Amino acid sequence: MLDENNPFAPLQKELEYELRRRKAKNNYYEYCQLTNFGFKPTRFHEYLCSEVQKFIEKQSNNAYDILLLSVPPQHGKSTSITETLPSWYLGKHPTHSVIVAGYSGDFVERFGRRNIDKIRQFGTSVFGDDYYLADSPCTNKEFELHNHKGRALFAGILGGISGNPGNLIIIDDPIKNRQEAYSETTREAIKNEYLYSVKSRFQDKTKIIVIATRWVEDDLIGWLQQNEINTHVINIPCECIDKNKDPLHREVGEALMPEIGKGKEWLRQFKQSYLSQE
């Protein structure tokens, strides 16, 4: 713990930053902490970042692999993955392409902006002098690295990703809210977009990450579990129901992120509010 009253605190802080910067290239959790100001480390974030890195780096003989993440809302899933992973991934693979899709273009474009900010601020210091952005294209919708090979596209899932290949594809919240989740028409449109647009963008050994809060069984995650191969599922409920199946080894009734104030009392109020809307 850094003691701000210690006269050597600034030096200690500088040394801690330098150590984190050196680790960030090969440790995605360290990169998340380095590049997200105000990021408060939690057991959940450490687990999530570790699992995502294992998935990205795992060598397989499959044509593609899919990671399905079922995570409750407002627990930093987008910060830990969609706002950060493309910039880290491209630093590791500067000739690859990334596609990020979500329920709308406006929703995912903020992820584009935040990845651009990370590359500008941390790209060369973490990954070396050759890791920086091209002058054009360089927008929240699309950017390229200076080599014009590495690139990222951010678009709504129901339009705008055709014609662009992806070595890493992230689908973050393809459904906006519970009302849309209950719409069979919306669910079918998203499945069809995955089949006829997203899947046609796969490269050899593409990694696909789907992140969602689940309201119904027949959503994209549920459908992919039933109809796709090479899937790996991580389900992290807001409250631990079964200690033996909980990936964080929580006690029954334990909340997901007590480190940021979302402990037992928050969980009680959340459940009460959630059930009142049923």
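Located above this text is the structure these notes cover.
Residues numbered from 1 in each chain as written. Predicted model: local features only at pLDDT ≥ 70, side-chain atom pairs only at ≥ 80, totals over all residues. Heavy atoms only, no water.

A. How the structure looks around the overall build of the chain. Regarding its fold elements, the chain presents ten helices and eight strands. Computed over the C-alpha atoms, the radius of gyration of the chain is 19 Å, within 12% of the 19 Å expected from 2.2 N^0.38 for a compact globule of 278 residues. Across its three principal directions, the C-alpha atoms of the chain cover 60 × 50 × 35 Å. Relative to its full complement of 278 residues, the chain shows a buried share of 47%. Nonlocal contacts in the chain, meaning residues at least 24 apart in sequence, comprise 71% of its contacts between residues at least 6 apart. If you sum the accessible surface of the chain, you get close to 14,200 Å²; carbon and sulfur atoms cover 47% of it. (Helix = DSSP H or I, 4+ residues; strand = E, 2+ residues; numbered from the N terminus. Rg over C-alpha atoms; globule rule 2.2 N^0.38 Å. Buried < 20%, exposed > 50% of the residue type's maximum accessible area, 1.4 Å probe, protein only. Contact = heavy atoms within 4.5 Å. Areas by Shrake-Rupley, 256 points an atom, 1.4 Å probe, with all protein chains shown as cover.)

B. Structural view of empty space enclosed by the protein. If you walk through the whole model with that rule in mind, you get one cavity of 30 Å³ or more. Here the largest cavity is characterised by a volume of approximately 80 Å³. Looking at the largest cavity, the residues that line it are Asp173, Pro174, Ile175, Ala181, Ala212, Thr213, Trp215, Val216, Asp219, Leu220 and Ile221. (1 Å grid on protein atoms, 1.4 Å probe; cavity = no way out; pocket = protein on both sides within 12 Å on 5 of 7 lines; lining within 4 Å. Points joined across faces, edges and corners; volume = space filled by probe spheres on them.)

C. How the structure looks around the pairing of strand S1 (residues 64-70). Burial runs high along S1: seven of the seven residues are buried. As paired elements, S1 and strand S7 (residues 202-212) share seven bridges and run parallel to each other. In the strand pairing of S7, aspartate 65 is matched with lysine 207. (Pairing = 2+ DSSP bridges.)

D. How the structure looks around the packing of aromatic side chains. Tallied over the entire structure, the rule returns eleven aromatic pairs. Centre to centre, the rings of phenylalanine 37 and phenylalanine 122 are 6.2 Å apart; their planes meet at 40°, and the pair counts as tilted. On the criterion of sequence distance, the pair formed by phenylalanine 37 in the loop between helix H2 (28-35) and helix H3 (43-57) and phenylalanine 122 in helix H6 (residues 105-127) is long-range, its members being 85 residues apart. Relative to tryptophan 223, the ring of tyrosine 194 has its centre 6.1 Å away and its plane inclined at 80°; by these criteria the two rings are edge-to-face. Separated by 29 residues along the polypeptide, tyrosine 194 in helix H8 (residues 184-198) and tryptophan 223 in helix H9 (residues 220-227) bring together distant segments of the chain. Taking relative accessible area as the criterion, tyrosine 194 reaches 1% and is therefore assigned buried. The exposure class of tryptophan 223 is buried, given its relative accessible area of 16%. Members of the aromatic cluster, joined through ring pairs, are Tyr28, Tyr31, Trp88, Phe127 and Tyr131. Sitting over the ring of phenylalanine 55, lysine 207 keeps its end group 5.0 Å from the ring centre. (Phe/Tyr/Trp six-rings, centres within 6.5 Å; stacked < 30°, edge-to-face > 60°. Lys NZ or Arg CZ within 6 Å of the ring centre and 35° of its normal.)

E. Molecular detail of unusual backbone geometry. Omega for the peptide link from serine 136 to proline 137 comes to -5°, which places this bond in the cis form. With phi around 70°, lysine 205 is a residue other than glycine that occupies positive phi space. Non-glycine residue asparagine 230 carries a positive phi angle of around 60°. Mapping asparagine 230 onto the fold places it in the loop between H9 and strand S8 (231-235). Given a relative accessible area of 26%, asparagine 230 falls into the partly exposed group.

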